[in-house]
Amino acid sequence: MLETTDDARAWIAAADVVVSTAREDPYPLVVLEAASSGRAVVAMDSGGVRSMLERAGHGDLVVAQGDVLGMADIVGGLIDDPDRRAGVGGHLAETLGSSHLPDEVAPLWWSAITDLEGVT
């Protein structure tokens, strides 16, 4: 177990594959941080991770909540195939690493908030 850190970049950069086992994470920042670092990500289906990875073309890297064996199979496959792992990481960096920046996302969130009745 790692202690809480203010800057996880070094840990993410040292990983071959980043694994998210979150039970609920509507906007999985760990997945976005890993993607921007060019790391492959495998995740349990929770919150927004499925839509993020599917939108990037990697929905096959999401397993059902609690499917530890399925997750282990996918992680093992990525570990055994460095070319695929690098390709997935690079593709995630190009897609999620650029499409979820504040300049892209903030106007969408603001629009959603201001469209609510009574919000100005």
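The structure reproduced in this document is the subject of the present report. (Residues numbered from 1 in each chain as written. Predicted model: local features only at pLDDT ≥ 70, side-chain atom pairs only at ≥ 80, totals over all residues. Heavy atoms only, no water.)

## Considering the overall build of the protein chain
In terms of helices and strands, the protein chain carries 6 helices and 3 strands. Its helices and strands in sequence order give the protein chain the pattern α-β-α-β-α-β-α-α-α, from N to C terminus. Counting only C-alpha atoms, the protein chain reaches 55 × 30 × 25 Å along its principal axes. The buried share of the protein chain, taken over its 120 residues, is 32%. Look at the contacts in the protein chain between residues 6 or more apart in sequence, and 49% of them connect residues 24 or more apart. (Helix = DSSP H or I, 4+ residues; strand = E, 2+ residues; numbered from the N terminus. Buried < 20%, exposed > 50% of the residue type's maximum accessible area, 1.4 Å probe, protein only. Contact = heavy atoms within 4.5 Å.)

## What about helix α4 (residues 68-80)?
Taking 1.5 Å of rise per residue, the 13 residues of α4 would be expected to cover 18 Å, and the 18 Å separating its terminal C-alpha atoms lies within 8% of that figure. Within α4, the full set of buried residues consists of G70, M71, I74, V75 and L78. The buried residues of α4 occupy one face: seen down the axis, they fall within an arc of 130°. Exposed side chains of α4 directed beyond 90 degrees from the buried face belong to V68, L69, D73 and D80. (Expected span 1.5 Å × (residues − 1). Arc of directions from axis to C-beta.)

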